[in-house]
Amino acid sequence: MKFLDETKVYIRSGDGGAGSVSFRREKYIEFGGPDGGDGGRGGDVWVEAVDGLNTLIDYRFQQHFKAKTGGHGMGRNRTGAGGDSVTLKVPAGTQIFEEDGETLICDLTTVGERYRLAAGGNGGFGNAHFKSATNQAPRHANPGQEGQEKTVWFRLKLIADAGLVGLPNAGKSTFLASVTRARPKIANYPFTTLHPNLGVATIDGREFVLADIPGLIEGAHEGVGIGDRFLGHVERTRVLLHLVSALEEDVAKAYKTVRHELEAYGHGIAEKPEIVALSQVDVVDAKARAEKVRALKKAAKRTPYEISAITGEGMTGGLRALRDIIVGAKAEDAEAEAARTGGVTAPKD
């Protein structure tokens, strides 16, 4: 298994250390009094988004994580050591849900974001803490506070600027391989792509991230084929590139099938900006190509790009159209953030 985008994890923070019951014992000191130290704090459980990961495969074979217990207090007012914390490293774009799979705990969208999933228990007080004018020799101490335990779901939604959608064998993987350094599996049969692939495309000196997901077929939202679960990986994209193969007998039906599945999935995907392209145009003659372009234009209500990842025809125009939408969306986001913060931006390191 090379790709894992959902997993269940059990976590437990560390218990606090127990306080100590101790009395000072030194020569020539008759009444030393209590000197029991406090227990140390238990370790926390953190989750952090890190660079260099694009799958949750690290949690395929280990799903239990426990932080260390705090050290117990000792005599001579010595406090126990704090327990070591545990940090779970995940790719940027990972969402953390409660055990019900619906209650969102946090959404880590940028590298370096951290969130404490479970706090360690506080250490117990030693008997020195309970000394008073009326009780100068307390003989009790507090136990440490228990840590927190829970089961959570990690759900990854890849962060990309543009997403490739279409029926199986629409040429999505070939497109990705031709414009990026990604090397997805390419073959002449349906569902060649079984998990999402990412690649970085460059056009006119600008870079953006492309996400290729497995093809959709009619009824995917009901579980037909491999379903629509991978559509979550294009939820965060700014634009969709909808590829319709020129080999399709009815390109209008192919387009409408995918659009129906996008609308049935929901989560705002169907409302995203969309660029439509007739792919694999190098394998049909000029007459058939013109007919398919007209049919697709009527169905999509826009003029489709005519592209071929093999010959390179139309690729530059398609990439520039994607780039323009992405740059415009990022500029709008920057303006909105500036308006929200009053034009104050965080200092860069």
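Preceding block: the structure.
Residues numbered from 1 in each chain as written. Predicted model: local features only at pLDDT ≥ 70, side-chain atom pairs only at ≥ 80, totals over all residues. Heavy atoms only, no water.

S.K.: So what exactly am I meant to see when it comes to the overall build of the protein here?
M.R.: On a plain count of helices and strands, the protein comes out with 4 helices and 14 strands. In terms of overall dimensions, the protein is more spread out than a globule: its C-alpha atoms have a radius of gyration of 29 Å, far above the 20 Å expected for 349 residues. Once the C-alpha set of the protein is aligned to its principal axes, its extents read approximately 110 × 45 × 30 Å. Residues counted as buried form 47% of the 349 residues belonging to the protein. Taking all contacts inside the protein whose residues are at least 6 apart in sequence as the whole, residues at least 24 apart take part in 73%. Surface summary for the protein: the accessible area is close to 18500 Å², and the carbon and sulfur share equals 48%. Between the averaged position of the 45 positive side-chain charges in the protein and that of its 46 negative side-chain charges there is a distance of 4 Å. (Helix = DSSP H or I, 4+ residues; strand = E, 2+ residues; numbered from the N terminus. Rg over C-alpha atoms; globule rule 2.2 N^0.38 Å. Buried < 20%, exposed > 50% of the residue type's maximum accessible area, 1.4 Å probe, protein only. Contact = heavy atoms within 4.5 Å. Areas by Shrake-Rupley, 256 points an atom, 1.4 Å probe, with all protein chains shown as cover. Lys, Arg positive; Asp, Glu negative; His and termini not counted. Charge placed at Lys NZ, Arg CZ, Asp CG, Glu CD.)

S.K.: Looking at this model, I keep getting lost on the nonpolar core. Mind explaining?
M.R.: Val 9, Val 47, Tyr 59, Leu 88, Ile 96, Phe 154 and Leu 231 are the most contacted members of the largest nonpolar core, which totals 51 residues. The element best represented in this core is helix H2 (residues 251-265), accounting for 7 residues. If near-sequence neighbours (up to four positions away) are discounted, Leu 88 is found in contact with Val 9, Ile 11, Val 45, Trp 46, Val 47, Glu 48, Tyr 59, Phe 65 and Phe 154. Listed in part, the 22 residues of the second largest apolar core include Leu 164, Phe 208, Leu 243 and Ala 321. (Core = buried A, V, L, I, M, F, W, Y, C linked by side-chain atoms within 4.5 Å.)

S.K.: Any chance you could explain the sheet that holds strand E9 (residues 162-165) here in plain terms?
M.R.: Pairing between the strands of a sheet comes from backbone hydrogen bonds, and it takes one of two forms, parallel or antiparallel. Spatially, 6 strands are ordered E10-E11-E9-E12-E13-E14 in an open sheet, and the strand pairing comes out mixed. Across the chains shown, the open sheet's two edge strands, defined by having one partner strand only, are strand E10 (197-203) and strand E14 (305-306). As judged from the 4 bridges shared by E9 and strand E12 (residues 239-245), these two strands associate in the parallel manner. Across the sheet, the residue bridging to Ala 162 is Val 239, located in E12. Across the sheet, helix H1 (residues 172-179) touches E9, E10, strand E11 (206-212) and E12, and the angle it forms with E11 is around 155°. H2 rests against E9, E12 and strand E13 (274-279) of the sheet, and its axis sits at about 145° to E12. (Pairing = 2+ DSSP bridges. Axes fitted to C-alpha atoms, helices over the stretch in contact; angles between N-to-C directions.)

S.K.: How should I be thinking about the pattern of salt bridges in this particular structure?
M.R.: Opposite charge on two side chains makes pairing possible when the charged atoms of those side chains draw close. Throughout the structure, instances matching the rule amount to 17 salt bridges. For Arg 12, the salt bridge is made with Asp 15, and the minimal N-O distance between the two is 2.9 Å. Overall, Arg 12 belongs to the buried group, its relative accessible area being 18%. Taking the relative accessible area as the measure of exposure, Asp 15 reaches 23% and is therefore partly exposed. For Arg 114, the salt bridge goes to Glu 48, with nearest N and O atoms at 3.4 Å. With Arg 114 in strand E7 (residues 114-118) and Glu 48 in strand E2 (residues 45-50), the pair connects residues that are 66 residues apart, well separated along the chain. A relative accessible area of 40% means that Arg 114 is categorised as partly exposed. Via salt bridges that share partners, Asp 204, Arg 320, Arg 323 and Asp 324 belong to a single interconnected network. (Salt bridge = Lys/Arg side-chain N within 4 Å of Asp/Glu carboxyl O.)

S.K.: Would you mind showing me how to read the sheet that holds strand E1 (residues 6-12) here?
M.R.: With mixed pairing, 5 strands are arranged side by side in an open sheet as E3-E1-E8-E5-E6. Lying at the two open borders of the sheet, with one neighbouring strand each, are strand E3 (64-66) and strand E6 (104-108). The sheet shows a mean angle of 25° between the axes of neighbouring strands, direction not considered.

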